[in-house]
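Chain by chain, the residues run as shown.
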Amino acid sequence: MTCTLSVSCWRIKWNTFLLRVGGVAALSLGLGIASWAAPARQTDNSLRIYFIDVEGGQATLFVTPAGQSLLIDTGWPGNDGRDADRIVAAARKAGISKIDYVLITHFHRDHVGGVPQLAERIPLGTFIDHGENRETTDAATVKGWQAYQALLATGKYQHITAKPGDALPVKGMQAMIVSSDGALIDKPLAGAGQDNPYCKDAEQFPADTTENLRSLGTFITFGKLRILDLGDLTHDKEMQLMCPANKIGKIDIYIVSHHGWSQSSSPAFVFGLTPRVAIMDNGAKKGGTPSVLDTIRKSAALEDLWQLHFSEEGGATHNVAAEFIANPDGPDAANYLELTAHPDGSFEVFNSRTQKSKPYSAE
Ligand SMILES: [Zn+2]
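As a convention, each chain's residues are numbered from 1 in the sequence order in which they are written. Under the rules for a predicted model, residues below a pLDDT of 70 receive no local features and side-chain atom pairs below 80 are neither given nor counted, while totals for whole chains, interfaces and linings still include all residues. Each side-chain value is derived from all of the structure's non-hydrogen atoms; neither hydrogens nor water enter the calculation.

Draft legend 1. View of the overall build of the protein. The helix and strand inventory of the protein stands at ten helices and 17 strands. Buried means the residue's accessible area, taken with a 1.4 Å probe over protein chains only, is under 20% of the maximum for its type, while exposed means over 50%, and partly exposed covers the values in between. Per-residue burial over the protein gives 58% buried out of 363 residues. Long-range pairs, those at least 24 residues apart, make up 68% of the contacts in the protein with a sequence separation of at least 6. Surface accessibility in these figures is a Shrake-Rupley result with a 1.4 Å probe; residues are shielded only by whichever protein chains are displayed. As presented, the protein carries roughly 14,900 Å² of accessible surface, and 54% of it is formed by carbon and sulfur atoms. Under the scheme used here, helices are H or I runs from DSSP no shorter than 4 residues and strands are E runs no shorter than 2 residues, and both carry numbers assigned from the N terminus. Note on contacts: a residue pair is in contact if any heavy atoms of the two residues lie within 4.5 Å.

Draft legend 2. Up close: the side chain of Asp53. Along the chain, Asp53 turns up in the loop between strand E1 (47-51) and strand E2 (60-63). Judged by its relative accessible area of 1%, Asp53 is buried. Among the polar contacts listed, one links the side chain of Asp53 to the side chain of His309, at a separation of 2.9 Å. Those residues in contact with Asp53 that lie beyond four places of it in its chain are Arg86, Leu308, His309, Asn327, Asp332, Ala334 and Asn335. Polar contacts here mean pairs of N or O atoms no more than 3.5 Å apart (in protein, one a potential hydrogen donor and the other a potential acceptor; neighbouring residues in sequence count only if both atoms are side-chain atoms).

Draft legend 3. Region of interest: the state of the cysteines. In this description, the term disulfide denotes a pair of cysteine sulfurs within 2.5 Å. Summed over the entire model, instances satisfying the criterion amount to one disulfide. Note that Cys199 is cross-linked by a disulfide to Cys243, the S-S spacing being 2.0 Å. Handedness of the Cys199-Cys243 disulfide follows from its S-S torsion of about -90°: it is left-handed. Placement of Cys199 in the loop between strand E8 (183-184) and strand E9 (217-222) and of Cys243 in the loop between helix H7 (235-242) and strand E11 (253-255) is noted, with a sequence separation of 44 residues between them.

Draft legend 4. Summary view of the sheet that holds strand E5 (residues 124-129). A pair of strands is treated as paired once DSSP finds two or more bridges between them. Pairing within the open sheet is mixed, and its nine strands lie in the order E6-E5-E4-E3-E2-E1-E15-E16-E17. Edge positions in the sheet fall to strand E6 (158-161) and strand E17 (356-360), since each of these pairs with one other strand and no more. On average, each strand axis in the sheet is inclined to that of its neighbour by 20°, with strand direction left out of account. Most of the contacts of helix H3 (residues 82-94) go to E1, to which it runs at about 155°, and overall it touches E1, E2, strand E3 (69-72) and strand E4 (99-103). To define axes, lines are fitted to C-alpha atoms, for helices over the stretch in contact only, and angles between the resulting N-to-C directions are given on a 0 to 180 degree scale. The strands touched by helix H6 (residues 139-153) within the sheet are E5 and E6, with E5 carrying the most contacts at an inclination of about 130°.

Draft legend 5. The sheet that holds E8, seen in detail. Here eight strands make up an open sheet; going across it, the order is E8-E7-E9-E10-E11-E12-E13-E14 and the pairing mixed. Of all strands in the sheet, those bounded by a partner on one side alone are E8 and strand E14 (325-327). Examined bridge by bridge, strand E10 (residues 225-229) and E11 share three bridges and lie parallel to one another. Note that in E11 the partner of Asp229 across the bridge is Ile255.

Draft legend 6. Layout of the packing of aromatic side chains. Two aromatic rings, drawn from Phe, Tyr or Trp (for Trp, its six-membered ring), form a pair once their centres lie within 6.5 Å of each other, and the interplanar angle then sorts them: stacked below 30 degrees, edge-to-face above 60, tilted otherwise. Taken as a whole, this structure holds ten aromatic pairs when the rule is applied. Arranged with centres 5.9 Å apart and planes meeting at 35°, the rings of Phe107 and Tyr148 form a pair that is tilted. Linking Phe107 in the loop between E4 and helix H4 (109-112) with Tyr148 in helix H6, this pair joins segments that are 41 residues apart in sequence. With a centroid separation of 5.4 Å and an interplanar angle of 70°, the aromatic rings of Phe127 and Tyr148 are classed as edge-to-face. Of this pair, Phe127 sits in strand E5 while Tyr148 is found in helix H6, placing the two residues 21 residues apart along the sequence. In this pair, the class of Phe127 matches that of Tyr148, namely buried. Through successive ring pairs, a cluster of aromatic residues spans Phe107, Phe127, Trp145, Tyr148 and Tyr157.

Draft legend 7. Representation of the coordination of the zinc ion in the model. Nitrogen, oxygen and sulfur within 2.8 Å of a metal are treated as its donors, or within 3.2 Å for sodium, potassium and calcium (Na, K, Ca); water is not counted, so a site can appear incomplete. Each protein donor to the zinc ion is listed here as Asp110 (OD), His111 (NE2), Asp232 (OD) and His259 (NE2); together their distances run 2.1 Å. In these descriptions, tetrahedral denotes four donors with every angle between 85 and 135 degrees, square planar four donors and octahedral six donors with opposite donors over 155 degrees apart and the rest between 65 and 115, and irregular any other case. Viewed at the metal, the four donor atoms of the zinc ion are separated by angles of 85 to 160°, and the geometry they form is irregular. Mapping the donors of the zinc ion onto the primary sequence gives the spacing D-H-x120-D-x26-H. Taken together, the residues Asp232 in the loop between E10 and H7 and His259 in the loop between E11 and helix H8 (267-273) connect sequence positions 27 residues apart. The exposure class assigned to His259 is buried, which follows from its relative accessible area of 0%.

Draft legend 8. Just the nonpolar core, in detail. One finds Ile248 and Ile296 to be the most contacted residues of the largest nonpolar core, which totals 68 residues. Per element, the largest residue contribution to this core is five residues, and it comes from H8. In this view, Ile296 contacts Tyr254, Val256, Val270, Ala278, Met280, Leu302 and Leu305; residues no more than four positions away in its chain are not counted. Residues enter a nonpolar core if they are buried and are Ala, Val, Leu, Ile, Met, Phe, Trp, Tyr or Cys, with the set joined through side-chain atoms within 4.5 Å. Within the second largest apolar cluster, 32 residues are counted, among which are Tyr50, Ala94, Ala119 and Tyr157.

Draft legend 9. Representation of the side chain of Thr289 within the structure. Inspection of the secondary structure puts Thr289 in the loop between strand E12 (277-280) and helix H9 (290-298). Accessibility expressed as a relative area gives 8% for Thr289, which makes it buried. Within the structure, the side chain of Thr289 is placed 3.2 Å from the backbone nitrogen of Ser262, a separation counted as a polar contact. Among all residues touching Thr289, those that are not within four sequence positions of it are Gly260, Trp261, Ser262 and Glu313.

Draft legend 10. Quick look at the confidence of the model for the protein. Averaged over all residues, the pLDDT of the protein equals 90, while 88% of them reach at least 70. pLDDT is a residue-level measure of predictor confidence that goes from 0 to 100. Across residues 1-37, where pLDDT falls below 50, the model places 37 contacts with residues more than four positions away in sequence or in other chains.

Draft legend 11. Geometry of unusual backbone geometry. With omega at 0°, the peptide bond leading from Cys243 into Pro244 counts as cis. The topology assignment puts Pro244 in the loop between H7 and E11. Of note in the backbone geometry, Thr274 takes a positive phi value of approximately 40° without being a glycine. For Thr274, the position within the fold is in the loop between H8 and E12. Residue classification places Thr274 among the buried residues on the basis of a relative accessible area of 11%.

The following block contains the structure:
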């Protein structure tokens, strides 16, 4: 077997070393085989990211090697606290008893809705958001916003309104805001700013009028790894970030915007980012539009797309293979995906349903 810089290869090298020093051959071989099927390796210097299944909403938990945590969005309200329970379960798996930062991308119910139930279940530190709710004509959005404001008004929590270019105070990774309340970074990120060849003849999109375009978008670096999460940011804002110059640059991990719905992830945007791996927080009946599934998979450097659910709309033709789906068609089991990142740029993705990890070597 050819060894690259991947973690699995390090495991193999380590086991080979153990074999050479003798006496533990059977044990070390056993460990080596088990490591392919076990959850991703957890070390003191790795970043763990849990993609929690909130049925077509978003809840993504980052736990840094400094022991700090950032939760991006809280899933839906109601359902007896289903989504909050799933977030707490992920926190327990990560070994944390408090969530330091809760970032709300925007005020739609599938993102802010779970806040009150989450606050009843686990201590929370600082909330980060884009400011005011701008979609005051939608009753459900107003309701979610008001419940969130009521929680902030208790005075128990710290609160940050973040602007493009702001660095978040999370220790153990670098997180920078690239979009907020409809505004975007005005300068390219370090190393970015090249012309994006995919802008030529790209489709133009009308301005969105909902909370989606207000999404608080975050660019995260951890060692050599570059990760992008833009919440539900829409096409019109994507094009401003990506055309004619690519202000973000190339990334490794694309947390697919807007659950993989067709209002986001335009070809010029995805192809400009050229992610290695994309992870989509879609539901069975929400997100995972065929055109978006196809665009992502056609992106030049893409190694794999992972999905939280089989997309019914995508059908057999557009969905990825079952091993890359946490919750295939059928009864829902709240399976999650977990990405473990290492400072050298290598990482693994673990599917809690199959109990298998796939390693990705450093570039
Ligand atoms: Zn959403």
